[in-house]
Amino acid sequence: MRTNVFFFFVSRMRRSGHIYHHIAACCAGCDTKTGAMRSRLRWVLWDVKDTLLKVRASVGEQYCKEAERLGLNVSPAEVEAAFHHAYRHYSSRYPNYGIAQGMDGRSWWMGVVKNTFSRCRVQDPAVLNTMAHNLYHNFCNAENWEVFPDSHKALESCSSLGLKLGVVSNFDSRLEEILRACGLLSHFSFLITSEEAGIAKPSPAIFDQALQKCGVPAATVAHIGDHYVKDYLTSRSVGIHGFLLDRHNKHKQWDIPQEHRLSSLEELPSQLQQHMD
């Protein structure tokens with residue numbers, strides 16, 4: 001319902017400069033006449049994957065390393081292509097780690113791994129199960145993840161501004177362990193993963209859960225993420241100050257106000273400061 005209303009507003013903004021000014025000012029948290037902030041920011045919510053960190057090597061390369069340990073010879077390119085097919089299949093048939101079908105993140109990912117290698121002509125059930133088990137646990141290790149160079153400083157800057165931090169991520173229950181291994185966990189007051197919440201972005205309900213944990217109005221909360229719909233539009237649809245992290249200028253086709261767009265996290269503190277003065 002909220003999302004439909006939000007898209008109605010977007011369509012109206014394109015047809016009327018006055019409506020655009022009014023809605024854009026409301027989304028930014030400003031009074032349309034004075035330009036003053038109605039509410040001071042108190043919390044910043046964060047997406048994680050491709051916002052604060054990324055997978056260090058390609059999935060094909062990482063899966064092949066595990067296959068080689070078990071004496072298999074498969075090419076990274078073939079495994080990469082098979083993985084994307086398997087991932088799309090499982091995401092479509094068992095969305096959000098198959099929670100609604102009685103699965104969990106572990107069984108979901110093990111299914112993806114086994115399906116991936118089955119497409120590469122690996123048929124031995126014991127080998128498939130061993131690889132799936134090992135890879136699921138391997139991705140908890142810091143060596144498989146790369147923290148972006150601007151992540152630590154951005155998180156520290158937010159804390160120095162007196163802001164509390166939380167996570168809202170379409171991720172499985174390994175996220176806490178991964179953030180700990182990467183030295184990021186201590187920055188956050190809470191984590192909400194889609195597996196544990198039972199609902200995933202772009203549903204606004206996951207942001208409702210985050211707002212309950214924050215215990216403050218949406219107008220005093222910001223969210224940082226790299227996905228136009230799941231992070232930017234959805235957070236703004238519930239009244240949160242959404243910012244789109246667009247490191248590689250992938251979203252230049254979308255009509256996003258410049259003050260809502262970040263090309264790096266180095267730009268974030270000054271943007272947040274405007275919502276605190």
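First, a word on scope: everything that follows refers to the structure included in this document. From a predicted model like this one, the values you see are computed outputs, not experimental measurements.

Focus on the pattern of salt bridges
Part 1: Tallied over the entire structure, the rule returns 9 salt bridges.
Part 2: Here Arg121 ties to Glu78 by a salt bridge, and the two come within 2.7 Å at their closest N and O atoms. One end of the pair, Arg121, is in the loop between helix H6 (105-118) and helix H7 (125-138); the other, Glu78, is in helix H4 (residues 76-93), and 43 residues separate them in sequence.
Part 3: By relative accessible area, which is 59% here, Arg121 ends up exposed.
Part 4: Note that Arg261 is salt-bridged to Asp246, the shortest N-O span being 2.9 Å. Here Arg261, found in strand E8 (residues 261-262), pairs with Asp246, found in the loop between strand E7 (241-245) and E8; they are 15 residues apart in sequence, far enough to count as distant.

Focus on the sheet that holds E8
Part 1: Taken together, 6 strands build an open sheet; the order of strands is E5-E4-E1-E6-E7-E8 and the sheet is parallel. Edge strands, defined here as strands with exactly one partner in the open sheet, are strand E5 (190-193) and E8.
Part 2: Pairing analysis gives 4 bridges linking strand E6 (residues 221-225) to E7, with the strands arranged parallel. Bridge pairing in E7 links Gly225 to Leu244.

Comments concerning the nonpolar core
Part 1: Of all hydrophobic cores here, the largest spans 56 residues; its most connected members are Val44, Trp46, Tyr63, Phe117, Leu179, Phe188 and Leu272.
Part 2: At 6 residues, H6 tops the list of elements feeding residues into this core.
Part 3: Beyond its immediate sequence surroundings of up to four residues, Tyr63 is in contact with Val79, Phe83, Trp109, Val113, Thr116, Phe117, Leu135 and Phe139.
Part 4: Grouped together as the second largest cluster of nonpolar side chains are 16 residues, Ala210, Cys214, Val221 and Val238 included.

A look at the pairing of E6
If a strand is regular, its side chains alternate between the two faces of the sheet.
Part 1: Of all 5 residues in E6, 5 are buried; the element is thus mostly enclosed.
Part 2: Where strand E1 (residues 43-46) meets E6, 4 bridges bridge the pair, whose relative direction is parallel. Among the inter-strand pairings, Trp43 is bridged to a residue of E6, identified as Val221.
Part 3: Remark: the E6/helix H12 (residues 228-237)/E7 crossover connection has right-handed handedness.

Describing unusual backbone geometry
Part 1: At the junction of Lys201 and Pro202, the peptide bond is cis and its omega measures out at 20° in the coordinates.
Part 2: The topology assignment puts Pro202 in the loop between helix H10 (194-197) and helix H11 (205-214).
Part 3: Positive phi, close to 65°, is recorded for Tyr97, a residue that is not glycine.
Part 4: Secondary-structure assignment places Tyr97 in helix H5 (residues 95-98).
Part 5: Of note, the phi angle at Arg121 is positive, near 70°, even though the residue is not glycine.

Calculation rules
- Residues numbered from 1 in each chain as written.
- Predicted model: local features only at pLDDT ≥ 70, side-chain atom pairs only at ≥ 80, totals over all residues.
- Heavy atoms only, no water.
- Salt bridge = Lys/Arg side-chain N within 4 Å of Asp/Glu carboxyl O.
- Helix = DSSP H or I, 4+ residues; strand = E, 2+ residues; numbered from the N terminus.
- Buried < 20%, exposed > 50% of the residue type's maximum accessible area, 1.4 Å probe, protein only.
- Pairing = 2+ DSSP bridges.
- Core = buried A, V, L, I, M, F, W, Y, C linked by side-chain atoms within 4.5 Å.
- Contact = heavy atoms within 4.5 Å.
- Right-handed = clockwise from strand over helix to strand, strands pointing away.

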